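Remarks on the overall topology
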Amino acid sequence: MKHIISTLVQNKPGVLAHVAGMFAARAFNIDSLAVGRTDDPGLSRMTIVVIGDDKVVEQVRKQLAKIIDVVKIQDFSGKEVIARDLMLMNVCTPPEKRAEVLALVEMFKAKVVDIGQKFVMVEFSASEDKIESFIDACRPYGIKNMVRTGTVAMARLSQATGGEE
Amino acid sequence: MKKLSSADNSTQSTSTLPIKSGAEIIVATLIEQGVETMFGYPGGVALPLFDKLYDAPINFIIPRHEQGGCHMADGYARASGKTGVVLTTSGPGACNLVTGLATAMMDSVPLVALTAQVRTDLIGNDAFQEADTTGITRPITKHNMIIKDIKDLQRSIREAFYIASTGRPGPVLIDIPVDIEVAKYQMQPLGEINLPGYKPQEKGHHRQIKMAAEMINKSERPVLYAGGGVITDNASEELREFAKKANLPVTMTLLGLGCFDQRQPHSLDMLGMHGTAYANFAVQECDLMIAVGARFDDRVTGKLKTFAPNAKFIHIDIDPSSISKNINVNIPVVGSAKYTLGELTKEVEYKERKAWFDKIADWKKRYPLRYDAKSTNIKPQYVIEQICEATKSEAIIVTGVGQHQMWTAQFYKHIKPRHFLTSGGLGTMGYGLPAAIGAQIAMPGATVIDIDGDSSFNMTMNELCTAVQYELPIKVCIINNGYMGMVRQWQQLFYGKRYSKSSLRNPEFAAVAQAFGAVGITVEKKSEVKSAIAKMLAEKRPCLVDFKVEREENVWPMVATGKSLHEMDGLDIFDSMA
């Protein structure tokens with residue numbers, strides 16, 4: 001099962017290596033990891049998607065908490081959250097198929113950010129499921145290449161205090 | 001947050017504080033943190049700091065190898081309860097700390113390691129004696145950091161001492177580039193430590209403690225299982241009071257030995273792979289296990305699925321990640337051993353539990369630790385018993401790793417905390433001699449004995465020079481069977497006696513000791529054991545006694561890997577010796 005864990009960490013060199021190294025050393029399974037700045041320049045947020053049962057995720061939380069530079073941990077399991085991935089993808093668009101692809105982009109509320117002779121680059125930010133559906137829908141036309149961020153997530157404001165440590 | 005000074009420094013003008021070099025700031029901060037003794041080895045980029053140590057009021061011990069220095073700081077910390085400090089140069093100096101740091105990490109020993117680093121502008125360029133010290137040591141330290149701005153130096157050293165010594169203690173490493181050692185900055189006043197991601201929870205939750213007490217009061221067959229955390233937290237007194245008031249039998253892990261007087265009838269001694277039969281049977285039949293400062297290590301539990309199958313579990317630990325890691329716990333209490341045991345004692349009631357104690361007494365009678373005492377050969381267990389008798393259990397005992405370590409755990413009666421120093425978690429051969437040196441420096445008046453194996457001793461015996469140089473009256477007793485004994489035992493039991501690469505040709509250890517300037521004695525007859533020990537104890541110089549013991553003696557009982565605790569081998573061997 002996938003669990004989204006959101007952690008605030010001190011914005012210092014080596015923290016990412018420490019977190020990633022801990023996951024490797026303890027044989028935890030990371031599905032994705034997204035790191036970025038926050039409104040506080042001293043803090044970064046890491047959103048980690050972990051695969052495992054509740055027992056594994058409990059250990060993940062505890063081991064993260066043990067790292068001195070990890071300031072706060074939220075486990076979003078069972079919480080109402082908004083979770084998004086960002087994807088950029090070059091889809092093959094021979095002239096006779098271009099209209100179909102653009103219709104798909106429209107349908108999924110994705111965005112065309114670059115157009116070439118044989119490809120269009122699509123930007124799509126959505127939940128993981130939706131992105132997977134979009135990829136499936138584009139596959140028949142040919143995917144030249146794609147890149148995805150890991151999941152980032154936030155609890156709905158009414159529940160934002162739940163699950164914090 | 002912790003207030004480090006009683007004076008309110010916020011109003012103190014910083015302009016009155018002097019400007020100093022990084023090296024001077026390091027020395028001043030070490031002194032401020034109460035460092036009287038440190039261990040270390042000089043080298044290129046550490047020279048500015050060593051220059052400031054030339055006339056600093058710090059007792060500086062130079063080992064023969066940085067690994068030895070790290071184990072010395074570890075032994076110093078375990079014996080005294082203070083934070084050990086070790087200093088090395090960059091690259092090879094820092095790399096040589098690795099085994100020592102990992103040893104301290106596994107056994108929760110407070111250490112601060114300072115490593116010098118190449119110039120900031122050379123980092124990443126494969127400079128001479130450059131190594132990625134923080135990268136290498138990250139998984140084997142509680143915390144580490146590299147100082148790239150002189151402004152962070154003094155605060156970081158203070159934080160290092162705070163992190164190393166609080167919560168679940170451990171080693172903290174600070175990597176300091178040489179340009180930071182020579183840069184100038186103003187000394188900073190002592191302020192509050194502000195680490196938003198580090199707030200150890202000392203006080204156990206009252207409701208959890210109350211629930212635990214109720215469970216204990218109801219229990220008919222409880223076992224108190226005490227680990228190294230009790231000793232680390234100086235909670236032996238609280239443990240004794242608790243066990244006495246609630247009337248509980250006490251078993252200890254290897255690192256817990258000494259927290260409960262083994263001469264007391266309530267002591268079940270050590271449990272686990274080479275624990276006593278009565279401890280292991282009691283664990284398997286108990287209805288409640290109260291773990292304090294212990295972590296259900298695989299050498300303790302044997303096969304997890306069938307470990308204490310009828311028991312409920314209360315787990316008291318300062319480290320939340322130790323709780324419900326291996327064993328699912330009914331009542332977790334995150335808190336220090338000292339505080340929690342104190343509170344728990346107030347809540348528990350005395351209960352007689354006659355049937356349970358009768359059963360334990362019966363196991364103790366049927367399966368005491370035994371060896372063939374009538375043998376005319378020197379039995380290793382006999383040597384250890386004689387050392388115990390001659391020192392009246394009062395010595396600080398340090399060991400290497402292997403058979404001799406297990407026999408020392410079994411046959412030396414441990415009665416005091418911080419008197420049995422051994423590498424339990426990592427199992428570091430070669431720990432014994434340097435750790436004994438560190439312990440002797442911490443406790444100059446104590447009798448410190450390294451009971452070592454021949455192979456363990458071989459790994460770090462160069463530190464005998466250090467003992468001679470600093471005129472330390474340490475004793476080394478080598479339980480010399482000419483094998484890597486534990487490896488040989490496993491090869492005998494599980495690999496059809498194919499003793500693959502487990503025997504080395506040893507030097508004459510007594511002659512080696514003499515060459516180093518220590519006293520060396522060889523004992524080849526059982527009749528000479530007692531007099532050799534007496535001579536060793538009277539000796540003021542470092543003294544080594546090489547006991548040529550029975551070569552293929554085994555450690556019994558033994559729970560083989562994958563077996564349950566009650567499935568011990570060797571009990572029938574006990575019967576034949578009865």
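Residues numbered from 1 in each chain as written. Chains lettered and ligands numbered in written order. Predicted model: local features only at pLDDT ≥ 70, side-chain atom pairs only at ≥ 80, totals over all residues.

This paragraph deals with the overall build of chain A. In terms of regular secondary structure, chain A is built from four helices and nine strands. Reading the helices (α) and strands (β) of chain A from amino to carboxyl end gives β-α-β-β-α-β-β-α-β-β-α-β-β. Expressed as lengths along the three principal axes of its C-alpha atoms, the size of chain A is roughly 55 × 35 × 30 Å. When the 165 residues of chain A are sorted by exposure, 30% land in the buried category. Pairs at least 24 apart in sequence give 74% of the contacts found in chain A among residues at least 6 apart. (Helix = DSSP H or I, 4+ residues; strand = E, 2+ residues; numbered from the N terminus. Buried ≥ 20, exposed ≤ 12 C-beta atoms within 10 Å, placed from the backbone. Contact = placed C-beta atoms within 7 Å.)

On to the interface of chain B and chain A. With 14 residues of chain B at the interface, the matching set in chain A holds 16 residues. In terms of residue class, the side of chain B that touches chain A is built from six nonpolar, six polar and two charged. (Nonpolar A, V, L, I, M, F, W, Y, C, P; charged D, E, K, R; others polar.)

Attention now moves to the domain arrangement of chain A. Residues and elements named next belong to chain A. Partitioning chain A into structural domains gives domain 1 (2-75) and domain 2 (82-152). Each of domain 1 and domain 2 was reduced to a C-alpha centroid, and the two centroids are 29 Å apart. Each partner contributes residues to the interface: domain 1 has six residues there, and domain 2 has five residues. Counting residues per element, the side of domain 1 that touches domain 2 draws most heavily on strand S2 (residues 29-37), which supplies three residues. (Domains from an automatic or database assignment.)

Each pair of packed helices gets described by two things: the angle between the helix axes and the distance between those axes. Residues and elements named next belong to chain B. At a minimum axis distance of 7 Å, the contact between helix H3 (residues 66-80) and helix H5 (residues 98-106) shows a crossing angle of 25 degrees. When the axis of H3 is compared with that of H5, the two are roughly parallel. When you trace H3 past H5, the crossing you get is right-handed. Contacts from Gln-67, Cys-70, His-71 and Asp-74 in H3 reach Thr-99, Gly-100, Leu-101, Thr-103 and Ala-104 in H5. Its residues assigned to classes, the contact of H3 with H5 shows three nonpolar, five polar and one charged. (Axes fitted to C-alpha atoms, helices over the stretch in contact; angles between N-to-C directions. Parallel < 35°, antiparallel > 145°, perpendicular 65-115°, else oblique. Left-handed = near helix turned anticlockwise from the far one by under 90°.)

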